[in-house]
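Below, each chain spelled out in residue letters.
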Amino acid sequence: MSTEKRVAVITGSYKGLGFEIAKKLANFDNIQVIITGRDTAKGLEAREKLAQQGQEVDYIPLDVTDNQSVEEFVVALRKQYGRADILVNNAGVNPGREPEESSLLTAKLDTVLSTFHVNTLGPLRVSQALIPLMKEHNYGRIVNVSTEMASLNFISDDFYPLAPSYRLSKIALNGLAALLAKELKGTNILVNSYSPGWMKTDIGGEHAPLTAEEGAETAVYLATLPDGGSQGGFFAEIRKFGGPFPLPW
Ligand SMILES: NC(=O)c1ccc[n+]([C@@H]2O[C@H](COP(=O)([O-])OP(=O)(O)OC[C@H]3O[C@@H](n4cnc5c(N)ncnc54)[C@H](OP(=O)(O)O)[C@@H]3O)[C@@H](O)[C@H]2O)c1
C-alpha cells in the first residue's frame, strides 16, 4: 500500500513531548502521523485517545535501541505506507537525577553508555533506516529533540545541573545533526536540532515552566520547513523568542 500524504514518524511518542508533536502534526491534512514506542498497549491507547478527538494516527512499535525492532518497523512502514517523509528523533532518557550524575568524577560509565544508546545512537540508527525512504521521494525533514544544556557555547556559564550522561549524549546528538546536514547538503532532506525548553513531562518533572504542548511548537515548525529551509541549524523554542531563533552549538 502507499499514500500520497507525507508520513511523519515520531519516536517515543505515546506520552510527553512526542505525543504533543504527534497531535500537532496530525492537524495537517497532508500528514499521516505514526506514533511509535516500545510498549504496544500504551501506543494503542495513545492512538485511541487521538481517534476520540477525530485525529486518525497509526501506531507501529519501535525501540530505537534495537536493530531488529527498527528493521521490523521499516518493513511495516514500507508495506503500509511506502514512504517516510518526516522523522522526529524525540525518544530520550535523562538519568540526571541519579546522585552520581552530579559530577563527572562519579558518573557511571554504564549510565553514560546506556544514555548514549537511546539519545544518540537511537537517532542515528533510525535516521540510517529512514533516509533511504526519504531519498526515494526526494523529501525529508529530520528534527532532533535536543536541549540548551547541550550548547557548548553556553556550558561554561549556564546554571543547569551538570548531568554528564544526558549532556554528553545530547552534545553528540547535535553533532549528528550537523554532520548529517553536511552530508545531505544540496538535497531536499533537511536536518535540524532544537531545544524544547524545560517542560512538565516525566523527564522535566512537575516544576517545569512549560507544557509539552508548548515545547512541541518548534518541532512542528522544523518538521514542516519549506524546500530550501534551514539545513543544519540548532533552534531555541519558538515561544521563548516569539519566532524561530538560532542557538549557538
Ligand atoms: N522535559 C524536558 O524538560 C525536556 C527538555 C529538553 C529536552 N527534552 C527532550 O524531549 C524528549 C522527550 O522527552 P519528554 O520530556 O517528553 O519525556 P518522557 O515523557 O519521559 O518521554 C520520553 C519518551 O522516550 C521514550 N523512550 C525511551 N527509551 C526509548 C527507546 N529505547 N525506544 C523508544 N522510545 C523510548 C519513552 O518511552 P518509555 O515510556 O517506553 O520509556 C517516552 O515515550 C527527550 O529527548 C528529552 O531529552 C525534554
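Residues numbered from 1 in each chain as written. Predicted model: local features only at pLDDT ≥ 70, side-chain atom pairs only at ≥ 80, totals over all residues. Heavy atoms only, no water.

1. So, a nonpolar patch on the surface
Right, so step 1: Taken together, the side chains of Leu-104, Leu-105, Leu-162 and Leu-168 make up a nonpolar region of the molecular surface, amounting to roughly 440 Å² of accessible area.
Right, so step 2: Examined against the element boundaries, Leu-162 turns out to sit in the loop between helix H5 (152-155) and helix H6 (164-183).
Right, so step 3: Overall, the relative accessible area of 45% leaves Leu-162 in the partly exposed class. (Patch = residues over 30% accessible without salt bridge, like charges linked within 9 Å, V, L, I, M, F, W, Y side chains within 5 Å. Areas by Shrake-Rupley, 256 points an atom, 1.4 Å probe, with all protein chains shown as cover. Salt bridge = Lys/Arg side-chain N within 4 Å of Asp/Glu carboxyl O. Helix = DSSP H or I, 4+ residues; strand = E, 2+ residues; numbered from the N terminus. Buried < 20%, exposed > 50% of the residue type's maximum accessible area, 1.4 Å probe, protein only.)

2. Description of the pattern of salt bridges
Pairing between side chains of opposite charge can happen when the charged atoms of each approach one another.
Right, so step 1: Summed over all chains, the structure comprises twelve salt bridges.
Right, so step 2: In this structure, Asp-85 engages Arg-83 in a salt bridge whose closest nitrogen and oxygen atoms are separated by 2.9 Å.
Right, so step 3: By relative accessible area, which is 8% here, Arg-83 ends up buried.
Right, so step 4: Residues Glu-217 and Arg-239 are paired through a salt bridge, measuring 2.5 Å at the closest nitrogen-oxygen approach. A residue pair is termed long-range when its members are at least 10 positions apart, and Glu-217 in helix H8 (residues 217-223) and Arg-239 in helix H9 (residues 238-241) qualify at 22 residues.
Right, so step 5: Residue classification places Arg-239 among the partly exposed residues on the basis of a relative accessible area of 41%.
Right, so step 6: In the salt-bridge network here, residues are joined through shared partners; they are Glu-214, Glu-217 and Arg-239.

3. Notes on the packing of aromatic side chains
The way to describe two aromatic rings as a pair is by their centre distance and the angle between their planes.
Right, so step 1: Here the structure, examined in full by the defined rule, presents four aromatic pairs.
Right, so step 2: Where Phe-159 meets Tyr-160, the ring centres are 4.8 Å apart and the plane angle is 40 degrees; that geometry is what we call tilted.
Right, so step 3: Seen from their ring centres, Phe-234 and Trp-249 are 5.3 Å apart, and the 15 degrees between their planes marks the pair as stacked. Note that Phe-234 is positioned in strand E7 (residues 234-235) and Trp-249 in the segment after H9, a separation of 15 residues in sequence.
Right, so step 4: Lying across the ring of Tyr-139, Arg-6 places its NZ or CZ 3.5 Å from the centre.
Right, so step 5: A cation sits over an aromatic face here: Arg-141 above Tyr-139, 4.2 Å from the ring centre. (Phe/Tyr/Trp six-rings, centres within 6.5 Å; stacked < 30°, edge-to-face > 60°. Lys NZ or Arg CZ within 6 Å of the ring centre and 35° of its normal.)

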